[in-house]
Amino acid sequence: MSEGKTDYIPGQYPDLPPPITEVGVVGWLRQNLFSNWWNTGLTFLGLYLVYLIFVPLIQWAIIDADWVGDSREACTSGGACWVFIRVRLDQFLYGFYPVGEQWRVNMTGLLLAATIAWLTVPKIPGKRYAGLFALVIFPVIAYLLLSGGSFGLEPVETTLWGGLMLTLILALVGIVAAFPLGILLALGRRSKMPIVRALSVAFIELWRGVPLITVLFMSSVMLPLFLPEGVNFDKLLRALIGIVLFQSAYIAEVVRSGLQAIPKGQYEAADALGLSYWKKMGLIILPQALKLVIPGIVNTFNELFKDTTLVMIIGLLDLLAIIKAALEDPNWLGYSIEGYTFAGLVFWLFCFGMSRYSMAIERKLHTGHKR
Amino acid sequence: MSDASSEKAPAAASFWRDPEKRAWLFQVLVVAVVLALFGYIFQNTLHNLEKRGISTGFAFLNNEAGFGVLMSLIPYDETYTFGRTFLVGLLNTLLVSAIGIVFATLFGFIIGVARLSSNWIISRLAALYIEIFRNLPLLLQILFWYFAILPLLPHPRQSIELGEAVFLNKRGMYLPAPITESGFGWVLAALGVAIVASVFIARWARHRQDTTGQTFPVFWTSLGLIVFLPWLAFGITGFPLSWEYPELRGFNFRGGITVIPELFALALALSIYTAAYIAEIVRSGIQSVSHGQTEAAYALGLKPGQTLRLVIIPQAMRVIIPQLTSQYLNLTKNSSLAPAIGYPDLVALFAGTTLNQTGQAVEIIGITMGVYLTISLSISAFMNWYNKRMALVER
Amino acid sequence: MSENKIHHAPEGLPAVQMQGVHKWYGEFHVLKNINLDVARGERIVICGPSGSGKSTMIRCINRLEEHQKGHIVVDGTELTNDVKNIEIIRREVGMVFQHFNLFPHLTVLENCTLAPIWVRKMPRAEAEEIAMHYLEKVRIPDQANKYPGQLSGGQQQRVAIARSLCMSPRIMLFDEPTSALDPEMIKEVLDTMIELAETGMTMLVVTHEMGFAKTVADRVVFMDGGEIIEVNEPHEFFNNPQHERSQLFLSQILQH
């Protein structure tokens, strides 16, 4: 009972290894899976669910799947027919962009990847210039490259744009153009001027109160009525206008939350320095607020990325729409699961990556604030 | 810090230097620009409408629609007016939203609690569910269920059966329809009595606990009453309810309640998608109650069930309810994806078909947006009221 | 384990007995061979550097932490996995936390009556009467209908003490009750604790307040590295510490 009491020198007690049931594989299993009969029951239920879902899934998607070939005749083994994706991949990525000009899309994509790396990888310096580049210079280059018509590039109509390329364009233009508008609206909503504030609130609440699809309907059927005779926007531009208006309201709310989180002392200090309103906002408040809301912005962007699929309903061929169209091809009827699974995989990789990134930033911001 | 006060503007600042006057001038300019923009748009619109020969105003709502719809909760055929079409669409939107809200809440709470389970596998599976369905576009999920999974269901003759009452096949889901006979009113009355009695029992139990300290199993007694009394009335009046079972006639089922595949797929996708968000809300709500609260309750001798009911849930609900409401709102707005699979909701019927028939884009989009905006604003007004009422009192 | 379960301790038996108690967090050995008997009415102050296992030790007494080896007998009931025993012990043992842990959704009065009503099955009027009695003892009866968020830290901690006392515990545990308080509020809480000590309550107090230890404690327990290094009378402990680790700790803590 009183083990070691006699020959025990205080302060010299050795660290003993814990009982075998507490640590290691056994301890882990006992604590996390089999701590009592209820937990054990749940474990078996969980294992059964895993068996029910993943065994057939892997069987279908990998083991029994057909990967090579160029027509549906190649799909004979009863599993997934990835041949369909393989054959149509070009279209899924570029839409109907002329094959000879696709290098321009690839170039833009590479430039985009580099810009994003510059923006997000902490080791690369000059984040301020990266932001400027991403918001101003990159869009110009991308526009010139993609639509052509100058520098000896052959013009490519936007009606030919489609697939993943169009999805990315919609989402990126949506966020880049909505960003400045959103900041203005957020400042407007926190302004001391009653009329400016009222207008901002009305604008923000209007777009946040209606579904994106009605906004897209509006920009596709009502916008042409608003314009003077003879002026006509193409379908893509109309969709983009709708998306930007819609998105700016959401960004405004995210930015507003950041502005609210800045301590009052910062505003007072800027006033004390005698800075004008725009200098105060631009030099002191916004840089701090925007840093705080990066996770929020990424989350909004994530939602927007998913929502770009809605343009299908007004007839644009984004990744999802072009896959749906391909599924209606009489030569490839009956491969809906493969088509949607592929679309899902692409969207999921983008969205999951973004949500993880935003979570990582959030953790970093939190630790930064504690110190 | 306090140097700012010394920078007050002198009493007689010139017009351009007085910030207040500058602010007013700026606002007047803003109003002028906004008005000019609206005027310009208005002019263009009038001109364009005239040129295209499209009439204006809301008179079209009284015109005969001339088209039928796939599904309607109220009597409707092509002889009814566009106003009626609007109502049919609105009701269908509300129906799919209500179904979606019920199932999303159910799945969401189950998965949210599973996510917090101490069992590793259950918690991982819940996390997997959340990460998969939250990160896929809703439209993709709707299309997947409707175009990829529903066609895999059997033909009506080989329907999946559940006790010869519920049938599921390519053409939809078939449920038995209740048919009430005379005397069923008594059953409803008994239910009413049971509910009223439960309220009184709850009050009495509370009063008794306040005076004597004895607790009373209110929940189980009320449940017993609410189940037992209607059954008793049901038996005494001679079972005045029959079910009309769906029956296979020819190539399809007749009778019972038919859930069209469009409704089935849309409600399923909305529930599954929103459940992933609700699960996260439930998880973060429960986690927002610090562990110290549980420890304090345990240290006072409260049992785990009491701790959950008296300490954790009341605090977690303050965090959960506002976010939950905003998810319900999102679900309702997301139900507008219905046109993608042809479910006749407000957007499909009104902003789609009716707009194509009449061309009155401004009015129709205006009404449609107005409906959603009304729903949104009334719910956020409710939420503001709720948050004010429930906010924890702080210094 | 259950064969040496003592059902009711006759007078004179210790209020808390810890025999050869060990605890691990994963691979980390936090409590090493703890042997401590606390007599009825005894006031014990537990001190030691942070991470020495003091909090873990008293949290084992009401099973907020589970020990993995050894025996803990509280008021004649041995702590085992038996839920019934844990319930009995928690009813008899009150605890005050560093961060107060008041229930923010309940008023001060409701905080105090919650456990008497639901655990002791007491009529509300009686529970409220007792609550007011103890709120008067801690000198904040006028705050009874406010919410915890409206009180200062010192007031909150006094409510927390009153809340525990409402269950008429036989033993009180204090887990660094003044560490989260501003200096000017520490005194009001310590005064309350001194008054409580004068009533003859069995108290185990984890604290860095050495003044409190000198005036109130019957014995001081010094812990380091998960073990009890020294148990001594306060006078002896402060003037003539037996162990070099106690000397080092005292020299560090008494510097300011």
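Rules and cut-offs
- Residues numbered from 1 in each chain as written.
- Chains lettered and ligands numbered in written order.
- Predicted model: local features only at pLDDT ≥ 70, side-chain atom pairs only at ≥ 80, totals over all residues.
- Heavy atoms only, no water.
- Helix = DSSP H or I, 4+ residues; strand = E, 2+ residues; numbered from the N terminus.
- Buried < 20%, exposed > 50% of the residue type's maximum accessible area, 1.4 Å probe, protein only.
- Contact = heavy atoms within 4.5 Å.
- Lys, Arg positive; Asp, Glu negative; His and termini not counted.
- Charge placed at Lys NZ, Arg CZ, Asp CG, Glu CD.
- Rg over C-alpha atoms; globule rule 2.2 N^0.38 Å.
- Salt bridge = Lys/Arg side-chain N within 4 Å of Asp/Glu carboxyl O.
- Polar contact = N/O pair within 3.5 Å; in protein donor to acceptor, adjacent residues only side chain to side chain.
- Nonpolar A, V, L, I, M, F, W, Y, C, P; charged D, E, K, R; others polar.
- Disulfide = S-S within 2.5 Å.
- Pairing = 2+ DSSP bridges.
- Axes fitted to C-alpha atoms, helices over the stretch in contact; angles between N-to-C directions.
- Parallel < 35°, antiparallel > 145°, perpendicular 65-115°, else oblique.
- Left-handed = near helix turned anticlockwise from the far one by under 90°.
- Core = buried A, V, L, I, M, F, W, Y, C linked by side-chain atoms within 4.5 Å.
- Arc of directions from axis to C-beta.
- Expected span 1.5 Å × (residues − 1).
- 1 Å grid on protein atoms, 1.4 Å probe; cavity = no way out; pocket = protein on both sides within 12 Å on 5 of 7 lines; lining within 4 Å.
- Points joined across faces, edges and corners; volume = space filled by probe spheres on them.

Draft legend 1. Representation of the overall build of chain C within the structure. Of regular secondary structure, chain C possesses nine helices and ten strands. Across its three principal directions, the C-alpha atoms of chain C cover 50 × 50 × 35 Å. The buried share of chain C, reckoned over its 256 residues, is 61%. A fraction of 66% describes how many contacts in chain C between residues 6 or more apart in sequence connect residues 24 or more apart. A distance of 4 Å separates the average location of the 25 positive side-chain charges in chain C from that of its 34 negative side-chain charges.

Draft legend 2. Spatial organisation of the overall build of chain B. A count of helices and strands for chain B gives eleven helices and eight strands. In terms of C-alpha radius of gyration, chain B reaches 29 Å, well past the compact-globule figure of 21 Å for 395 residues. If you line up chain B on its principal axes, its C-alpha atoms span 90 × 70 × 45 Å. Burial statistics for chain B: of 395 residues in total, 41% are counted as buried.

Draft legend 3. The interface of chain A and chain B, seen in detail. Counting from both sides, the interface comprises 61 residues of chain A and, opposite them, 58 residues of chain B. Viewed at the interface, chain B and chain A are joined by one salt bridge. For R356(A), the salt bridge identified is with E131(B), shortest N-O distance 3.0 Å. Here chain A is connected to chain B by 16 residue pairs in polar contact (both at pLDDT 80 or more). With twelve residues, helix α14 (residues 336-370) of chain A is the largest single contributor of residues to the side of chain A that touches chain B. Grouping the constituent residues of the side of chain A that touches chain B by class yields 40 nonpolar, 14 polar and seven charged.

Draft legend 4. Spotlight on the state of the cysteines. Scanning the entire structure with this criterion turns up one disulfide over all chains. Between the sulfur of C75(A) and that of C81(A) lies a disulfide, 1.8 Å long from S to S. Linking C75(A) and C81(A), the disulfide has an S-S dihedral of approximately 65° and is accordingly described as right-handed. The exposure class assigned to C75(A) is buried, which follows from its relative accessible area of 16%. C81(A) gets classed as buried once you look at its relative accessible area, which sits at 1%. With no disulfide of its own, C60(C) lies closest to C47(C) among cysteine sulfurs, the gap being 18 Å.

Draft legend 5. Spotlight on the sheet that holds strand β8 (residues 257-259) of chain B. Residue and element names in this part refer to chain B. Pairing is antiparallel in the open sheet, where four strands are placed in the order β1-β2-β3-β8. Looking at the sheet topology across the chains shown, the edges are occupied by β1 (160-162) and β8. Neighbour-to-neighbour, the strand axes of this sheet turn through a mean angle of 15°, independent of strand direction. Examined bridge by bridge, strand β2 (residues 166-169) and strand β3 (residues 172-175) share three bridges and lie antiparallel to one another. Across the sheet, F167 pairs through a bridge with Y174, a residue of β3. Along the sheet, helix α7 (residues 261-288) contacts β2, β3 and β8; its crossing angle with β8, the most-contacted strand, is approximately 60°.

Draft legend 6. Structural context of the sheet that holds strand β3 (residues 43-47) of chain C. Residue and element names in this part refer to chain C. The six strands lie next to each other as β6-β7-β8-β3-β9-β10, forming an open sheet whose pairing is mixed. Two strands lie at the open edges of the sheet, namely β6 (93-96) and β10 (227-232), each paired on one side alone. Between one strand and the next, the sheet's axes are offset by a mean angle of 20°, whatever the strand orientation. Bridge count for β3 against strand β9 (residues 219-224) is four bridges, and the pairing is parallel. Residue pairing for β9: I46 is matched across the bridge by V221.

Draft legend 7. Region of interest: the packing of helix α6 (residues 163-189) of chain A against helix α12 (residues 294-307) of chain A. Residues and elements named next belong to chain A. In the contact formed by α6 and α12, the axes pass within 10 Å of each other and the chain directions differ by 140°. As summarised for this structure, α6 and α12 are arranged oblique, according to the angle between their axes. With respect to the hand of their crossing, α6 and α12 are arranged in right-handed fashion. When α6 is examined against α12, the residues T167, L168, A171, L172, G174, I175 and F179 are found in contact with a partner set consisting of I297, F301, L304 and F305. A per-class count over the contact of α6 with α12 returns nine nonpolar, two polar and no charged.

Draft legend 8. How the structure looks around the nonpolar core. Ranked by internal contacts, the top residues of the largest apolar core, which has 208 residues, are F92(A), W161(A), L259(A), L320(A), I46(C), M57(C) and L204(C). By residue number, the principal contributor to this core is α7(B), which donates 15 residues. Counting 47 residues, the second-largest nonpolar core is a separate cluster that includes V96(C), F100(C), L165(C) and I253(C).

Draft legend 9. Fine view of the pattern of salt bridges. Counting across every chain of the model gives 24 salt bridges over all chains. For K306(A), the salt bridge identified is with E303(A), shortest N-O distance 3.4 Å. Placement of the pair is K306(A) and E303(A) together in helix α12, with a separation of three residues, close to one helical turn. Note that R219(C) is salt-bridged to E42(C), the shortest N-O span being 2.6 Å. Within this pair, whereas R219(C) is found in strand β9, its partner E42(C) is found in the loop between β2 (28-38) and β3, the two being separated by 177 residues in sequence. On the basis of relative accessibility, which here comes to 11%, the residue E42(C) falls in the buried class.

Draft legend 10. Summary view of helix α9 (residues 244-253) of chain C. Residue and element names in this part refer to chain C. Within the sequence span of α9, burial applies to S246, F249, L250 and I253. Buried residues in α9, looked at end-on, bunch into an arc of 95°, giving them a common side. Those residues of α9 that are buried are in contact with β3, α7 (210-216), β9, β10 and α8 (234-239).

Draft legend 11. Representation of helix α6 (residues 218-236) of chain B. Residue and element names in this part refer to chain B. Over its 19 residues, α6 extends 26 Å from the first C-alpha to the last, a length consistent with the 27 Å expected when each residue adds 1.5 Å. For α6, every residue scored as buried is listed here: S222, P230, A233 and F234. The buried residues of α6 occupy an angular sector of 115° when the element is viewed end-on, so they sit on one face. Turned more than 90 degrees away from the buried face of α6 sit W220, F228, W231 and I236, all of them exposed. Packed against the buried residues of α6 are α5 (184-212) and β5 (241-244). Directly beyond the C-terminal end of α6, a positive phi value near 80° is found at G238.

Draft legend 12. The arrangement of empty space enclosed by the protein in detail. Enumeration over the complete set of coordinates arrives at one cavity of 30 Å³ or more. Volume-wise, the largest cavity comes out at about 30 Å³. Forming the boundary of the largest cavity are A296(B), A299(B), L300(B), G94(C), M95(C), F97(C), R163(C) and S164(C). If you list the elements that add at least two residues to the lining of the largest cavity, you get α8 (291-299) of chain B together with β6 and α5 (153-165) of chain C. Among the residues making up the lining of the largest cavity, the classes are represented as five nonpolar, two polar and one charged.

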